[in-house]
Amino acid sequence: MVGNTFGRIFKVTTCGESYAGGFRKNLDVPQELFGGLMTIVDGVPPGIKLTASFVQNELDKRRPGRTKLDTPRNERDKVYIFSGVMEDDITTGAPVGMIISNAVVEDEHLNKHKSYKEFVRPGQAGYTFFKKYGQFADNIGAGRASGRETAARVAGGAVAKAVLDNMGIDVIAFITEIHGIKAENVTYETAKANYQKNEINCPDLKASELMTKELLKIKEEGDSCGGVVEIIARGVPAGLGEPVFDKLQATLSHAIMSIGAIKAVEFGDGFEHTKMRGSQSNDTPYIDEETRRVRFKTNRAGGILGGISNGEDIRIRVGVKPTPTINISQDTVNMYKEENVNIEFNTRNDPCICTRIYPVCEAMVRIALLDALYVAKGYRAISQNIDVRWDKL
Ligand SMILES: Cc1cc2nc3c(=O)[nH]c(=O)nc-3n(C[C@H](O)[C@H](O)[C@H](O)COP(=O)(O)O)c2cc1C
């Protein structure tokens, strides 16, 4: 398997599966590490305050088993920082190493997953895993493709957050649509004011009530649904991203599309642009009296022009598919016996992944932005003796 690291200078590497260790009880692994994950973060500057509770706070946003809308799995996701910080919780500049334990791996849950090993779970990664890695694949609970892997990214994203907080760059994600029920008039300000005010983390408090009702109904029926997560990054300076292969929207898309269950990504007004005229789609630039900088009267571009950030908010919309595992019988196949079957995969799952995926979106956007900042600032530092008229990064 390749591709377990994201980033060019600020790099996050993860390892660990859904339940690794839980079915290898002969190994001398403490129970806490059955389903344990590890994150190594390279490119951390020295002198940044980084406590385990800061990382834990981010992990707790993603952790299942907290609300009536979540899967009842109670994974503890307790993080230990074992390298890269000194006693006073200040980073040294060395790689930050983190282990995330998973105290609750119940035999009953594990055995259910093991018994499904031969079957293709519709909408899940098991079939493609089997085709690629054969019988040696760890696909218990989706193995490496499991949503659980994303806890390790959230830990990496927390390190990026600790750095970005020092630079005044804020990334926030929230839910604006569940199964067709839409939030209205959501701005950065309302998203900040109402962040996590309800179990769905939808800033439109009225719409969130309808969404909750819908989710509970869908859960009752054993089914699942999809939705939309929006991300806003504020305080990103102009100049991040490159004009060709490494356009900022390309690296951000890579970061976001690497999260399971995400099927679509839009920047700014996204697909709405296809219905507009140029005169409607263009954002009008003007000189801001106070700062004497170029600003834009609207932000339909979503903060990126020609692959480079323009200093406005970066606005991203993400389409999340329904949770593949449902408690309804489905037609599928037994891969080992090569036969058609009808089976109900009776495992515990979220009726909608949106409520757990938004912290992962925040994490991946933070990682991609910090990495883009390293590249842009490094390039600027090397070029600093040339007399070019440019803004401060
Ligand atoms: C945070 C998170 C939690 C997830 N939880 C579940 C789950 O409980 N059950 C499930 O079937 N899929 C879950 N998924 C989705 C699957 O991992 C994903 O749909 C699957 O690997 C197939 O990949 P694809 O949908 O990107 O093609 C979760 C994904 C994420 C990011």
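As the structure is a computational prediction, the values presented were derived from the model and not from experiment.

### Quick word on unusual backbone geometry
Move 1: The phi angle at N201 is positive, at roughly 55 degrees, despite the residue not being glycine.
Move 2: Here N201 shows up in the loop between α5 (188–193) and α6 (205–220).
Move 3: The backbone phi angle of R292 is positive, close to 60 degrees, even though this residue is not glycine.
Move 4: Its location among the elements puts R292 in the loop between β10 (285–287) and β11 (294–296).

### A closer look at the packing of helix α4 (residues 150–165) against helix α9 (residues 354–382)
Move 1: Put simply, α4 and α9 touch, their axes get as near as 8 Å, and they point 50 degrees apart. As far as their axial angle goes, α9 and α4 are oblique. Every pair of crossing elements has a handedness; the one defined by α4 and α9 is left-handed. Contacts between α4 and α9 pair T150, R153, V154, G156, G157, A160, K161, V163 and L164 from the former with P359, V360, A363, M364, R366, I367, L370 and L373 from the latter.

### Some points on the sheet that holds strand β5 (residues 96–101)
Move 1: Overall, antiparallel pairing links the five strands, which are arranged β1-β2-β3-β5-β4 in an open sheet. In this open sheet, the two edge strands, each paired with only one partner strand, are β1 (5–6) and β4 (78–83).
Move 2: Across the face of the sheet, α4 comes into contact with β2 (11–15), β3 (37–42) and β5 while running at roughly 30 degrees to β3.

### Concerning the pattern of salt bridges
Move 1: By the definition in use, this model includes 21 salt bridges.
Move 2: Here E58 makes a salt bridge to R366, at a shortest N to O gap of 3.4 Å. Linking E58 in helix α1 (residues 52–62) with R366 in helix α9, this pair joins segments that are 308 residues apart in sequence. The exposure classification of E58 matches that of R366, with both residues buried.
Move 3: With its nearest N and O atoms 2.7 Å apart, the salt bridge here joins R356 to D350.
Move 4: Residue classification places R356 among the buried positions, given a relative accessible area of 8%.

### Regarding the sheet that holds strand β7 (residues 181–182)
Move 1: With antiparallel pairing, five strands are arranged side by side in an open sheet as β7-β6-β8-β14-β9. Across the chains shown, the open sheet's two edge strands, defined by having one partner strand only, are β7 and β9 (262–267).
Move 2: Looking at chain direction, strand β6 (residues 170–178) and β7 are connected through two bridges and run antiparallel. When the sheet's bridge partners are listed, E177 is paired in β7 with K182.
Move 3: Docked against the sheet, helix α7 (residues 248–257) engages β8 (227–234), β9 and β14 (314–320), running at close to 155 degrees with respect to β9.

### Looking at the environment of M257
Move 1: Note that M257 resides in helix α7.
Move 2: Given a relative accessible area of 37%, M257 falls into the partly exposed group.
Move 3: Considered as a pair, M257 and V318 are 61 residues apart in the sequence and their alpha carbons are 8.9 Å apart.
Move 4: Residues in contact with M257, not counting those within four places in the same chain, are I262, K263, A264 and V265.

### Brief notes about the nonpolar core
Move 1: In this structure, V229, I231, L252 and L369 are the most contacted members of the largest nonpolar core, which totals 73 residues.
Move 2: In terms of residue count, the dominant contributor to this core is α9 (15 residues).
Move 3: When near neighbours in sequence (up to four residues on either side) are disregarded, I231 contacts V171, I172, A173, I256, I314, R315, I316, V318, C361 and V365.

Conventions adopted
- Residues numbered from 1 in each chain as written.
- Predicted model: local features only at pLDDT ≥ 70, side-chain atom pairs only at ≥ 80, totals over all residues.
- Heavy atoms only, no water.
- Helix = DSSP H or I, 4+ residues; strand = E, 2+ residues; numbered from the N terminus.
- Axes fitted to C-alpha atoms, helices over the stretch in contact; angles between N-to-C directions.
- Parallel < 35°, antiparallel > 145°, perpendicular 65-115°, else oblique.
- Left-handed = near helix turned anticlockwise from the far one by under 90°.
- Contact = heavy atoms within 4.5 Å.
- Pairing = 2+ DSSP bridges.
- Salt bridge = Lys/Arg side-chain N within 4 Å of Asp/Glu carboxyl O.
- Buried < 20%, exposed > 50% of the residue type's maximum accessible area, 1.4 Å probe, protein only.
- Core = buried A, V, L, I, M, F, W, Y, C linked by side-chain atoms within 4.5 Å.

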